[in-house]
Amino acid sequence: MRAAERAAMDAGTSEWELMLRAGEGAAHYVHRVAAGRGACVLCGPGNNGGDGYVIAESLRRRGYAVSVIAPLEPATDTARKARSEFRGEVASDGSPEGAVVVDCLFGYGLARRVEGKFAGLLEELASSDCFKIAIDVPSGVESDTGKALGPLPDYDLTLALGAWKQAHFLMPVMAAMGSKRLVPLNLPHAGRVARLSARPRLSAPPKDSHKYRRGLVAVVAGDMPGAPLLSCEAAMRAGAGYVKLMSDHSHPDAPAELVIEQADLSENLSDERISSVLVGPGLGRSDEARGRLCAALESGKPCVVDADALHLLDHDVIEGVDTSRIVVTPHEGELAALCKSFDVEADNKLDRARKLHDVTGMTILAKGPDTICVGEGSAVFFDAGSSWLSVAGSGDVLAGIIAARLAGHGEPVRACEEAVWLHHEAARLSGAAFTAGELASSVNRALENFL
Ligand SMILES: NC(=O)C1=CN([C@@H]2O[C@H](COP(=O)(O)OP(=O)(O)OC[C@H]3O[C@@H](n4cnc5c(N)ncnc54)[C@H](O)[C@@H]3O)[C@@H](O)[C@H]2O)[C@H](O)CC1
Ligand SMILES: [K+]
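Residues numbered from 1 in each chain as written. Chains lettered and ligands numbered in written order. Predicted model: local features only at pLDDT ≥ 70, side-chain atom pairs only at ≥ 80, totals over all residues. Heavy atoms only, no water.

Rules: UniProt positions are given in the numbering used here, feature names are shortened, and annotations may be inferred rather than shown by experiment.
Looking at an unreviewed UniProt entry, one finds the protein named ADP-dependent (S)-NAD(P)H-hydrate dehydratase, with Qipengyuania gaetbuli as its source organism. UniProt, in the comment section headed Subunit (unreviewed entry), describes the protein in these words: "Homotetramer."

What follows is the structure, encoded as structure tokens:
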């Protein structure tokens with residue numbers, strides 16, 4: 001961010017111009033939610049505070065009753081200029097009043113724990129029932145690591161300035177940010193950090209489609225029969241034209257539409273009509289399971305590696321495999337296990353996923369309330385889905401959806417994005433305390449909402 005700002009300023013844009021863009025852009029959103037009600041802006045001593053004075057002046061000009069609380073005078077020239085441009089009153093003390101409170105105490109310049117008057121203001125904000133807006137990041141949050149360095153109110157809206165910071169998509173702080181919007185500052189190459197996944201638009205199969213063109217998904221079963229059945233149902237309902245279960249077991253409760261192939265796995269996976277392979281759900285971690293994982297990877301097909309199979313992945317197993325077609329879907333614990341297997345060290349989820357991608361070439365879908373996808377050239381993050389997704393089997397369903405989307409177009413990052421959106425929507429449609437089976441059975445209804 002600092003580099004992007006410097007580049008903009010070297011190219012002749014003044015810091016004041018950037019602050020005006022940030023403040024006016026943010027004020028536009030504040031105006032939309034305040035809708036004429038009283039507003040209070042909390043201003044810190046740095047440029048985040050400077051943004052606050054610009055916001056306050058913009059609201060005042062729109063006829064708002066605006067109060068500003070600033071425990072310290074501005075410490076930068078640009079913030080001083082913004083302070084001088086604000087025609088309203090500034091109090092150095094007081095409590096955040098008004099229907100809408102805008103938090104401009106600290107942005108990415110937060111350097112240590114928040115204490116004293118600043119902490120007091122954040123604590124009062126946390127206990128008030130006003131509409132809370134954080135500018136750039138919540139002021140008690142370290143923008144690079146997402147570490148909370150002070151009281152963390154539950155905000156209704158967080159307006160990121162210029163580009164998303166890592167804190168915007170790391171738990172636990174992202175859960176306190178409410179809705180997230182990005183205020184563009186037209187900074188060159190500021191968007192390189194990461195992007196918030198945009199709602200995908202899916203389409204019905206073309207008129208001349210057939211089951212193989214829509215994609216044949218092969219799901220490799222292992223020791224436990226239940227999990228892969230969830231993945232198969234999710235894949236069938238997420239748009240796959242044909243789903244086969246490669247299993248040595250009999251599955252008496254398998255749906256009639258599901259074709260079950262026994263016999264030689266490598267032989268079966270060599271069928272060139274197979275468009276994607278899913279291995280992991282219910283696989284187990286035995287040598288036999290490892291053999292089935294290797295057969296899946298050696299098939300050369302686009303492959304989703306999930307659950308147990310993630311504990312079997314290492315440099316030997318991916319040796320000679322075209323990992324650009326491999327998607328791995330670790331939750332926190334599995335991500336830690338993968339980092340250990342591939343000697344990756346990092347202290348937050350994004351960096352772990354990024355380094356794992358750099359070391360292995362695989363597309364990493366690091367799951368959780370703060371799901372992040374790192375693949376070729378991009379880091380994508382997502383708004384959290386329903387917390388009811390924290391149910392056994394929900395990962396098997398997601399893996400099946402990814403395999404179906406991957407079978408359709410063969411693009412790993414796109415398949416992950418579509419699948420996370422479908423998974424979240426299926427959860428929303430399933431209501432409260434749903435089972436993984438109900439979640440899987442809702443996937444096609446979810447798909448309808450993206451057509
Ligand atoms: N990204 C952009 O293009 C723009 C960013 N803007 C805004 O500028 C802030 C970053 O401003 P900066 O002055 O670097 O830092 P802060 O305003 O976040 O605060 C630093 C300020 O606060 C003091 N300080 C730091 N920690 C503490 C603490 N725990 N207790 C007390 N005081 C503390 C520090 O000494 C400094 O004085 C960015 O977030 C955007 O909001 C531009 O305005 C617009 C373009
Ligand atoms: K802030």
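### Topic: the overall build of the protein
For the record, the criterion: In this text, helices come from DSSP runs of H or I with a minimum length of four residues, and strands from runs of E with a minimum of two, each type numbered from the N-terminal end. Exposure classes here rest on a 1.4 Å probe applied to the protein chains alone. A residue is buried below 20% of its type maximum, exposed above 50%, and partly exposed in between. Methods summary: accessible areas were calculated by the Shrake-Rupley approach with a probe of 1.4 Å, and residue burial reflects only the protein chains presented. Counted as positive: Lys and Arg. Counted as negative: Asp and Glu, with His and the chain ends omitted from the count. Where a charge sits is defined by one atom per residue type, namely NZ (Lys), CZ (Arg), CG (Asp) or CD (Glu).
A count of helices and strands for the protein gives 16 helices and 17 strands. C-alpha extents for the protein along the principal axes are approximately 80 × 40 × 40 Å. Among the 451 residues that make up the protein, the fraction classed as buried is 55%. Counting only carbon and sulfur atoms, one obtains 49% of the accessible surface of the protein, whose full area is about 18,500 Å². Between the mean site of the 46 positive side-chain charges and the mean site of the 60 negative ones, the protein shows a separation of 6 Å.

### Some words on the coordination of the potassium ion (ligand 2)
Spelled out, the test is: Sites may look incomplete because water is not among the atoms; the donors themselves are N, O and S atoms within 2.8 Å of the metal, or within 3.2 Å for Na, K and Ca. Labels for metal geometry use angle windows, namely 85 to 135 degrees for all angles of a four-donor tetrahedral site, and for square planar (four donors) or octahedral (six donors) sites opposite donors over 155 degrees apart plus all others within 65 to 115; sites meeting none of these are irregular.
Of the protein atoms, only N48 (OD1), D103 (O), F106 (O), I135 (O), V137 (O) and S139 (OG) coordinate the potassium ion (ligand 2), at distances of 2.6 to 2.9 Å. The site at the potassium ion (ligand 2) holds six donor atoms, and with the angles between them running 66 to 177°, its shape is irregular.

### Some remarks on helix α12 (residues 349-360)
Which entries qualify depends on this criterion: Expected span, for any helix, means 1.5 Å times one less than how many residues it has. Along the arc lie the directions from the helix axis toward the C-beta atoms. Between two residues, a contact is recorded if the distance between any of their heavy atoms is within 4.5 Å. The term polar contact refers here to a pair of N or O atoms within 3.5 Å; inside protein, the definition further demands a hydrogen-donor-capable atom paired with an acceptor-capable atom, and it admits residues adjacent in sequence only when both atoms are side-chain atoms.
For α12, spanning 12 residues, the distance from its first C-alpha to its last is 16 Å, which sits close to the expected 16 Å at 1.5 Å a residue. The set of residues buried in α12 consists of K349, L350, R352, A353, L356, H357 and T360. For α12, the arc enclosing every buried residue in end-on projection is 165°, short of the 170-degree limit, so these residues lie on one face. As for α12, its buried residues are in contact with α10 (315-318), α11 (332-341), β15 (363-366), β16 (372-375) and β17 (378-381). Taking the backbone nitrogen of L350 as reference, a side-chain oxygen 2.9 Å away marks N348 as the first, capping residue of α12. Residue G361 follows α12 closely and has a positive phi angle near 85°.

### Describing the sheet that holds strand β3 (residues 90-91)
Applicable threshold: Paired strands are those between which DSSP finds at least two bridges.
Taken in spatial order, the seven strands make up an open sheet running β3-β2-β1-β4-β5-β6-β7, and their pairing is parallel. In this open sheet, the two strands that pair with only one neighbour each are β3 and β7 (179-183). Where strand β1 (residues 39-43) meets strand β4 (residues 100-104), five bridges bridge the pair, whose relative direction is parallel. Within β4, the position partnered with C40 by the bridge is V101.

### Side note on the sheet that holds strand β11 (residues 259-261)
Strand order across the open sheet formed by 10 strands is β8-β17-β16-β15-β14-β13-β12-β9-β10-β11, with mixed pairing between neighbours. This sheet does not close on itself; its edge strands, each paired only once, are β8 (195-196) and β11. Where β16 meets β17, four bridges bridge the pair, whose relative direction is antiparallel. Following the sheet pairing, V374 is matched in β17 by A379.

### A short note on the environment of P200
Position of P200 relative to the elements: it lies in the loop between β8 and α6 (211-214). Residue class for P200 comes out buried when judged on its relative accessible area of 14%. For the pair formed by P200 and F450, sequence separation is 250 residues and the distance between their alpha carbons is 6.7 Å. Each residue touching P200, except ones within four places of it in the same chain, is listed here: E418, W421 and F450.

### Comments concerning the packing of helix α13 (residues 394-409) against helix α14 (residues 412-430)
Threshold: The convention used is that axes are lines fitted to C-alpha atoms, helices contributing only their stretch in contact, and that angles between N-to-C directions extend from 0 to 180 degrees. Every angle not falling under 35 degrees, over 145, or within 65 to 115 is termed oblique; those three ranges are roughly parallel, roughly antiparallel and roughly perpendicular. Here a crossing is taken to be left-handed if its near helix is turned anticlockwise relative to the far helix by less than a right angle, and right-handed if that turn runs clockwise. Residue polarity follows a fixed list, in which Ala, Val, Leu, Ile, Met, Phe, Trp, Tyr, Cys and Pro are nonpolar, Asp, Glu, Lys and Arg are charged, and the others, Gly among them, are polar.
Two elements in contact, α13 and α14, have axes separated by 8 Å at closest approach and are oriented at 135°. One way to sum up the angle between α13 and α14 is to call them oblique. For the crossing formed where α13 meets α14, the hand is right-handed. Of the residues in α14, those in contact with S394, V397, L398, I401, I402, R405, L406 and H409 of α13 are P412, R414, A415, C416, E418, A419, V420, L422 and H423. Of the residues contributing to the contact of α13 with α14, the split by class is 11 nonpolar, three polar and three charged.

### Regarding unusual backbone geometry
The amide bond that connects M171 to the next residue, P172, takes the cis arrangement and shows omega of 0°. Considering the arrangement of structural elements, one finds P172 in the loop between β6 (157-161) and β7. In the Ramachandran plot, D343 falls in the positive-phi region, its phi being about 50° despite a non-glycine side chain. You can see D343 is positioned in the loop between α11 and α12. Since its relative accessible area comes to 67%, D343 is described here as exposed. Phi at A433 is positive, roughly 50°, even though this residue is not glycine. Along the chain, the position of A433 falls in the loop between α14 and α15 (436-441).

### Here we look at the site of ligand 1
The criterion, for reference: Any residue with at least one heavy atom within 4 Å of a molecule or strand is counted as near it.
As a structural note, the neighbourhood of ligand 1 is formed by 25 residues, with N48, D51, G107, G109 and D136 the closest of them. One of the backbone nitrogen or oxygen atoms of Y108 is found 3.0 Å away from an oxygen atom of ligand 1. Note that an oxygen atom of ligand 1 is positioned 2.9 Å from one of the backbone N or O atoms of G109. Relative to its unbound accessible surface of 860 Å², ligand 1 loses 87% to contact with the protein. Looking at the shell around ligand 1, the elements with two or more residues in it are α1 (2-10), α2 (15-34) and α3 (47-61). Here the shell around ligand 1 is built from residues that sort into 14 nonpolar, five polar and six charged.

### What to know about the side chain of E418
Its location among the elements puts E418 in helix α14. Taking the relative accessible area as the measure of exposure, E418 reaches 3% and is therefore buried. Engagement of the side chain of E418 in a polar contact is seen with the side chain of R405, the distance being 2.8 Å. In this structure, E418 is in contact with P200, L202, R405 and H409, ignoring residues within four places of it in sequence.

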